[in-house]
Amino acid sequence: MGQDVDARTFTREDRTAYRAKVRRCLDVFARMLSEYDFSVGHPQVGIEIEFNLVDDKGNPVLKNAEALEAISDPAFQTELGQFNIEINVPPSRLDGNGLAALEQGIRDDLNEAHDEAVKVGAHLLMIGILPTLQESHVTGESISSNPRYTLLSEQILNSRGEDIEIIIEGVDRLDTMADTIVPEAACTSTQLHLQVEPDEFAPAWNSSQAIAGVQLALGANSPFLLGRQLWHETRIALFEQATEMRSEEFKAQGVRPRVWFGERWITSVFDLFEENVRYFPSLLPIVEEEDPVAEFDAGRVPMLGELRLHNGTIYRWNRPIYDVTDNRPHLRIENRVLPAGPSVVDTMANAAFYFGVVKQLAQSDRPLWSQLSFKAAEENFHVAARNGIESELYWPSVGMVPARELVLRNLLPLAYEGLDHCRVSPQIRDSLLGIIEQRCITGRNGSTWLIGEFERQLVGNPDRERAFRATTVRYDEFMHSNAPVHTWPEG
């Protein structure tokens with residue numbers, strides 16, 4: 001959701017000044033890419049995880065302010081809904097035991113935070129969409145107190161000019177209306193950060209886009225929304241619709257959506273920031289005091305605040321990030337494809353697969369994206385969101401292939417090679433990628449476990465609300481055991 005902002009109203013003059021400033025930042029960014037040193041020595045990886053807050057019966061609780069006060073750790077932050085919080089995990093090196101250290105850090109922080117949050121009646125749950133959410137939980141009354149969320153919601157609804165309609169066809173059908181963007185709070189995700197240098201960015205981003213559908217097939221964990229069984233990763237459809245700024249007429253005119261897969265392979269990170277400026281009007285036109293040209297000419301590193309804020313209001317599934325740390329600029333890819341959960345070890349397995357495959361694809365002599373159309377990659381993405389681990393996906397030189405077979409035969413070997421090139425400990429590599437292998441062999445991920453458990457809870461008692469609560473409580477138990485989801489008991 002980007003940086004904190006104060007409650008305010010925006011004038012036409014604000015928007016004009018902001019557009020000019022964003023373009024000025026873009027010009028400076030182009031100069032920086034050709035003249036600045038973005039090298040990072042040992043590239044780092046990072047993870048952000050969003051959590052739902054539930055009571056001991058699995059029902060959502062609107063207590064993020066109380067939970068954060070009890071946790072009292074700056075790594076945990078507020079999110080859009082009062083039933084959400086987020087952890088920003090400090091970045092780590094990928095090589096050696098880096099992934100194990102990252103996993104241990106997440107587990108320690110989660111356990112400590114959970115122990116404190118329970119004292120105010122809130123359990124921390126890693127899941128793509130909470131099965132027990134009801135329409136009463138996704139109204140304006142549930143929005144977090146931070147002014148930026150109300151402001152963002154107002155700007156999106158004002159731009160749209162009408163309420164948001166959410167229609168998702170799955171096993172069941174959802175058709176509902178919203179007058180805020182709070183339904184988006186139902187989507188809780190895992191965001192993987194991969195630090196890259198400028199000349200590595202385009203191959204890494206293209207690779208990330210190419211495997212996004214595979215990531216979803218493996219990691220789907222969001223089959224339920226507002227009492228309905230919909231897609232295996234319903235979060236994708238919900239996020240696309242809950243922040244939809246375009247009226248039906250603008251869609252027909254080809255205006256780009258704010259939640260965007262993209263439309264082409266790129267040759268430079270600049271392509272993405274330039275698209276942001278060309279296609280998307282401002283949502284939060286806040287002008288900073290910094291003059292990026294003056295900073296650049298003085299030999300200092302510009303923060304490019306307007307460019308970064310604007311980028312933060314465009315929800316690409318693989319988002320480019322420009323940041324400054326210790327007065328050094330760097331670039332990273334924020335991979336936003338995956339849902340939260342099911343467990344920390346599953347999260348790390350997903351991360352290892354992503355980092356390994358992207359590393360190997362990005363340095364291929366014959367790039368995958370020279371053989372795969374961008375439209376085919378986007379179609380894979382939505383097919384996998386609908387059908388999960390049993391999806392059939394298109395892959396160059398193979399054609400249509402079951403996702404499980406594609407991973408086992410083609411992509412897991414690449415992941416092993418990529419992690420070897422990153423000098424990841426073989427023991428850690430084998431342990432994490434072994435989880436991905438077993439998911440494919442068993443056909444079990446978070447979504448299939450949730451669907452199966454819900455159906456078992458319905459046997460002998462057709463009370464769906466009771467079944468959703470019981471399913472959530474069992475999920476909570478197994479999530480905190482940190483066993484990989486393919487080993488979770490059935491029944």
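Since this is a predicted model, take the numbers as computed values, not measurements.

Scanning the protein from terminus to terminus reveals 17 helices and 15 strands. For 491 residues, the compact-globule estimate of 2.2 N^0.38 gives 23 Å, and the C-alpha radius of gyration of the protein, at 22 Å, lies within 12% of that figure. On the principal axes, the C-alpha backbone points of the protein span a range of 70 × 50 × 45 Å. Every one of the 491 residues in the protein was classed for burial, and the buried ones make up 59%. A distance of 3 Å separates the average location of the 46 positive side-chain charges in the protein from that of its 74 negative side-chain charges.

Structurally, Ile266 is set in the loop between strand 10 (259–260) and helix 9 (269–279). Look at Ile266 and you get buried, because its relative accessible area is 5%.

Mapped onto the elements, Glu165 comes out in strand 5 (residues 164–169). When its relative accessible area of 38% is taken as the criterion, Glu165 is described as partly exposed. Taking the C-alpha atoms as reference points, Glu165 and Glu244, 79 residues apart in sequence, are found 8.9 Å from one another. If we skip the residues at most four places from it in the chain, Glu165 touches Arg160, Asp175, Thr176, Met177 and Gln241.

Before going further, it helps to spend a moment on the pairing of strand 1 (residues 44–54). The buried fraction of strand 1 amounts to 10 of the 11 residues, a majority that puts the element mostly inside the structure. Across five bridges, strand 1 lies against strand 7 (residues 189–196) in antiparallel orientation. Bridge assignment links Ile49 to a residue of strand 7, and that residue is Thr190. Bridge analysis of strand 1 against strand 4 (residues 123–125) gives three bridges, and the strand direction is antiparallel. When the sheet's bridge partners are listed, Val54 is paired in strand 4 with His123.

Turning to the nonpolar core, a few remarks are in order. Counting residues in hydrophobic clusters, the biggest one holds 159 residues, and the most contacted among them are Phe76, Tyr322 and Phe353. Counting residues per element, this core draws most heavily on helix 12 (residues 344–362), which supplies 12 residues. Among residues more than four places away in sequence, those in contact with Tyr322 are Phe29, Met32, Phe38, Phe273, Val301, Pro302, Met303, Leu304, Arg308, Pro329, His330 and Leu331.

We now examine the side chain of Glu86. Mapped onto the elements, Glu86 comes out in strand 3 (residues 84–93). Within the buried core, Glu86 has no salt-bridge partner, and the shortest N-O distance to an opposite charge, that of Arg148, equals 6.4 Å. Each residue touching Glu86, except ones within four places of it in the same chain, is listed here: Glu48, Ile49, Glu50, Ala75, Phe76, Gln77, Glu79 and Gln191.

Moving on: unusual backbone geometry. Omega for the peptide link from Gly341 to Pro342 comes to 0°, which places this bond in the cis form. Inspection of the secondary structure puts Pro342 in the loop between strand 13 (328–339) and helix 12. Positive phi values are uncommon outside glycine, yet Asp326 reaches one of about 50°. With respect to the helices, strands and loops of the structure, Asp326 is situated in the loop between strand 12 (318–325) and strand 13. Residue classification places Asp326 among the exposed residues on the basis of a relative accessible area of 71%.

Reading the values: rules and limits
Residues numbered from 1 in each chain as written. Predicted model: local features only at pLDDT ≥ 70, side-chain atom pairs only at ≥ 80, totals over all residues. Heavy atoms only, no water. Helix = DSSP H or I, 4+ residues; strand = E, 2+ residues; numbered from the N terminus. Rg over C-alpha atoms; globule rule 2.2 N^0.38 Å. Buried < 20%, exposed > 50% of the residue type's maximum accessible area, 1.4 Å probe, protein only. Lys, Arg positive; Asp, Glu negative; His and termini not counted. Charge placed at Lys NZ, Arg CZ, Asp CG, Glu CD. Contact = heavy atoms within 4.5 Å. Pairing = 2+ DSSP bridges. Core = buried A, V, L, I, M, F, W, Y, C linked by side-chain atoms within 4.5 Å. Salt bridge = Lys/Arg side-chain N within 4 Å of Asp/Glu carboxyl O.

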